[in-house]
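Architecture and fold: a report
Listed here are the chains, written in short residue letters.
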Amino acid sequence: MSVLCLALVGISGCVDTDDPNDPVQDPVAEEPQFRDLETNFTVDQPTLPTLPPAPGERGFDVPTWRLGEWWKYRMTSHFDGQTYDFLRVVAGTEHGNYLVGFPVDQFVNDVMVLHVPGYGDIKRDDLSYDAHDVPYTPLNFPLEEGKTWTTHYESTTNPLTFVVEEVDEENGTAFMTASGGQGSGQFIYDAELGEISSWISPGYAAYEIVDHGYNYSGVVRVPHDHDLIFFHGRLAGVVDLNSSAVPPNPMLPTQTISIAEGYDRASFALIIFDGIASNGQDANGVGPGNLAMARGYYSLKATAPDGTVYETTMMPGDAPVSITTFGHDGPSGDWQLEVVAAGEGAALLEGIGYHSIDIELPSGCVQASANANHHTALCKA
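All residue numbers refer to position in the chain's written sequence, counted from 1. Residue-level local features of this predicted model are given only where pLDDT is at least 70; pairs of side-chain atoms are given and counted only at 80 or more, and the full residue set underlies all totals for whole chains, interfaces and linings. Remark: hydrogens and water are excluded; side-chain values derive from all non-hydrogen atoms of the structure.

Secondary structure elements are defined from DSSP: runs of H or I of at least 4 residues count as helices, runs of E of at least 2 residues count as strands, and each element is numbered from the N terminus. With respect to the helices and strands, Phe 141 occurs in the loop between strand 6 (134-136) and strand 7 (148-152). Whether two residues are in contact is decided by their heavy atoms: any pair within 4.5 Å suffices. In this structure, Phe 141 is in contact with Phe 60, Asp 61, Val 62, Pro 63, Asp 125, Asp 126, Leu 127, Lys 147 and Tyr 189, ignoring residues within four places of it in sequence.

One recurring pattern in soluble globular proteins is that nonpolar side chains are buried together. Grouped together as the largest cluster of nonpolar side chains are 73 residues, with contacts concentrated most on Phe 86, Leu 143, Met 176, Tyr 189 and Trp 199. Broken down by element, this core gets its largest block of residues, seven residues, from strand 21 (residues 346-361). Apart from the residues lying within four places of it in its own chain, the contact partners of Leu 143 are Phe 60, Trp 149, Val 164, Val 167, Ala 174, Met 176 and Tyr 189. Here, nonpolar core refers to any group of buried Ala, Val, Leu, Ile, Met, Phe, Trp, Tyr and Cys residues whose side-chain atoms link them within 4.5 Å. Accessibility here uses a 1.4 Å probe with only protein chains present; expressed as a share of the type maximum, an area under 20% marks a residue as buried, one over 50% as exposed, and anything in between as partly exposed. Core analysis: the second largest hydrophobic core is formed by 23 residues, Phe 230, Ile 259, Ala 266 and Ala 302 among them.

To pair, rings of Phe, Tyr and Trp, with the six-membered ring standing in for Trp, must have centres within 6.5 Å; the planes then decide the type, stacked if under 30 degrees apart, edge-to-face if over 60, and tilted in the middle. Taken as a whole, this structure holds 25 aromatic pairs when the rule is applied. Both rings, one in Trp 149 and one in Phe 162, keep their centres 5.4 Å apart while their planes meet at 10°; by these two values the pair is stacked. Of the two residues, Trp 149 is situated in strand 7 and Phe 162 in strand 8 (residues 159-168); the sequence distance between them amounts to 13 residues. The class for Trp 149 is buried, based on a relative accessible area of 8%. Consider the rings of Phe 230 and Trp 335, whose centres lie 4.9 Å apart with planes at 70°: the pair is edge-to-face.

Here we take up the pattern of salt bridges. Whenever a carboxyl oxygen of Asp or Glu lies within 4 Å of a side-chain nitrogen of Lys or Arg, that contact is scored as a salt bridge. Counting across every chain of the model gives seven salt bridges. For Arg 88, the salt bridge identified is with Glu 195, shortest N-O distance 2.4 Å. Taken together, the positions of Arg 88 in strand 2 (residues 83-94) and Glu 195 in strand 11 (residues 195-201) put the pair 107 residues apart, joining distant regions of the chain. Its relative accessible area of 5% is what places Glu 195 among the buried residues. Of the charged contacts, one joins Arg 295 and Glu 344 as a salt bridge, the two residues approaching to 2.7 Å between their closest N and O atoms. Highlighted residues: Arg 295 in the loop between strand 16 (265-273) and strand 17 (297-303) and Glu 344 in the loop between strand 20 (333-342) and strand 21, separated in sequence by 49 residues. Overall, Glu 344 belongs to the partly exposed group, its relative accessible area being 45%.

Moving on, we come to the sheet that holds strand 20. Spatial strand order, 15-20-17-18: four strands in an open sheet with antiparallel pairing. The open sheet has two edge strands with one neighbour each: strand 15 (254-259) and strand 18 (309-314). Adjacent strand axes in the sheet meet at a mean angle of 15°, parallel and antiparallel pairs treated alike. With six bridges connecting them, strand 15 and strand 20 associate as antiparallel partners. Its bridge partner being in strand 20, Ile 259 is matched across the sheet by Gly 333. Here, any two strands with at least 2 DSSP bridges between them count as paired. To get an axis, fit a line to the C-alpha atoms, keeping to the stretch in contact for a helix; angles then go from 0 to 180 degrees between the N-to-C directions.

Another aspect to go through is the confidence of the model for the protein chain. Regions with low pLDDT carry predicted coordinates that are not meant to be interpreted in detail. One confidence number per residue, pLDDT, is output by the predictor and ranges from 0 to 100. Taken over all residues, the pLDDT of the protein chain has a mean of 83, while the share at 70 or more is 77%. The least confident element of the protein chain, judged by mean pLDDT, is helix 1 (residues 3-9) at 41; the most confident is strand 10 (residues 185-190) at 98. Confidence drops under pLDDT 50 across residues 3-30; counting only partners more than four residues distant or on other chains, this segment forms 61 contacts.

With that out of the way, let us pick up the pairing of strand 3 (residues 97-103). In terms of residue burial, strand 3 counts as a mostly covered element, since seven of its seven residues are buried. The pairing of strand 2 with strand 3 spans five bridges and is antiparallel. By the bridge assignment, Val 89 is partnered in strand 3 with Gly 101. Joining the antiparallel neighbours strand 2 and strand 3 is a turn of two residues, in which His 95 adopts a positive phi near 55°. Sheet analysis places strand 3 next to strand 4 (residues 120-123), joined by four bridges and oriented antiparallel. Note that in strand 4 the partner of Leu 99 across the bridge is Asp 121. The sheet contact formed by strand 3 and strand 13 (residues 218-235) spans two bridges and is antiparallel. Residue pairing for strand 13: Pro 103 is matched across the bridge by Val 220.

This next bit is on unusual backbone geometry. Excluding glycine, a negative phi dihedral is what most residues carry, and trans is how most peptide bonds are arranged. With omega at -5°, the peptide bond leading from Val 116 into Pro 117 counts as cis. By secondary structure assignment, the location of Pro 117 is in the loop between helix 2 (109-114) and strand 4. Each neighbour pair has its own omega, and for Phe 141 with Pro 142 the value is -5°, a cis peptide bond. Tracing the sequence through the fold places Pro 142 in the loop between strand 6 and strand 7. The phi torsion at Asp 133 lies on the positive side, around 65°, for a residue other than glycine. Take Asp 133: it is sitting in the loop between strand 5 (129-131) and strand 6. Taking the relative accessible area as the measure of exposure, Asp 133 reaches 26% and is therefore partly exposed. The backbone phi angle of Asp 225 is positive, close to 55°, even though this residue is not glycine.

This is the structure we're talking about:
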C-alpha cells in the first residue's frame with residue numbers, strides 16, 4: 001500500500017520506472033515469484049518435512065519451514081488504526097518457492113493489500129517475496145550482528161537499508177532496524193518460529209506473532225503468482241496517480257482499466273486521504289489523530305466487468321483517511337473507474353490479481369480451485 005509514500009513525498013517519488021539506469025534500481029534483483037508464462041503449473045509433490053524441528057535445530061541460518069506450519073498474527077494498520085487477527089500456513093512448494101496461504105474460509109483482503117507478511121510465493125533460500133512486483137528481502141541469512149543489506153519495498157525508488165543490530169543467542173532472537181523510506185522500522189526475528197515475530201514500521205503497520213504451531217488441517221488458499229494490477233486514481237483534482245506529478249499529467253475523472261486474462265481473483269482497496277490532514281497521526285504513529293478531519297470532497301467508484309460496483313466517499317469533516325478493501329472473483333476484463341479528488345489529497349484504486357491454489361492439509365494435495373481450473377488435482381486426498 002503506497003498511501004504513506006504518496007502523502008509524504010509526493011507521487012513522483014513512488015512510481016516505478018523502467019529505466020535501467022535508475023541509480024536506486026537493484027541491477028541484480030531477482031524475481032522471487034515464479035511467473036506462469038506458459039501455464040507451467042507443476043506444484044511439487046509434497047516433500048516438506050511435517051515433524052516440528054528438534055529443540056535447538058533452528059538458529060540464525062535460513063529455516064526449513066514445515067508442511068502445515070502455521071503462524072497467527074495480530075496486525076494494526078497505522079493508516080486507520082484497524083486491527084486484524086489472521087493465520088498464515090505453509091501449504092507446499094512450487095518452482096523452488098514455498099506456497100503460503102490463508103485458511104480458505106479466513107481469507108483477509110486487508111492483509112493482502114498491506115503486503116505484509118508475505119503470502120503466495122516465498123523464496124525458500126531467503127524468505128523474500130514480492131510487494132508491488134518488487135522483491136522485498138527483510139532477512140539476509142545467516143543473521144549476524146553488524147550485517148547490513150539493501151532491499152526495496154513496494155518500489156525500486158524506495159530503498160531500505162537493513163542492519164542486524166543485535167543477536168541474542170540465549171533467547172534465539174535477532175533485532176534488526178531498517179532505514180530509508182516507507183517500510184522503515186524495527187524488527188525481531190525469532191529462530192524458533194523461523195519468522196519475523198515483530199514487524200513495526202511507524203506510520204505504516206505493525207504486527208506480532210501471537211501463536212505458532214504445526215500440522216494444520218484443512219484447505220489453504222494460496223494467492224499464487226500475484227501482480228499489481230490496480231494503481232489508478234487522482235491527486236489534487238486531476239493529476240494521474242499512475243504517472244509522475246512533475247510535470248502534472250491531468251486526466252478526466254473517468255477511466256477504463258483493462259485487466260488481462262489469467263487471474264481468477266483480485267484483492268484491492270479504495271483509498272482516500274485528504275492531504276495535509278491525513279499526516280496528523282497520534283503519538284504512536286497510528287491513524288489520522290483525533291483532531292484531524294477532511295477538508296475536501298472525494299469519491300471513488302469502480303465497476304467490475306461483471307457489473308459489480310464498489311464505491312466510497314469522503315465528505316468535509318470526515319476522518320481524513322479511508323481504506324475499504326474488497327475481493328473480486330474473475331477480475332479479467334474492462335473495469336470502469338470514476339474518481340473525484342476535490343481537495344489537497346488523493347483517491348485511488350490499488351490492488352493485486354492472482355491465481356488461487358487450494359491445497360488440502362495435511363496431505364498437501366491440490367484441489368480444483370473454486371474459481372480457477374488451471375491447477376488441477378496433484379494427488380488424491
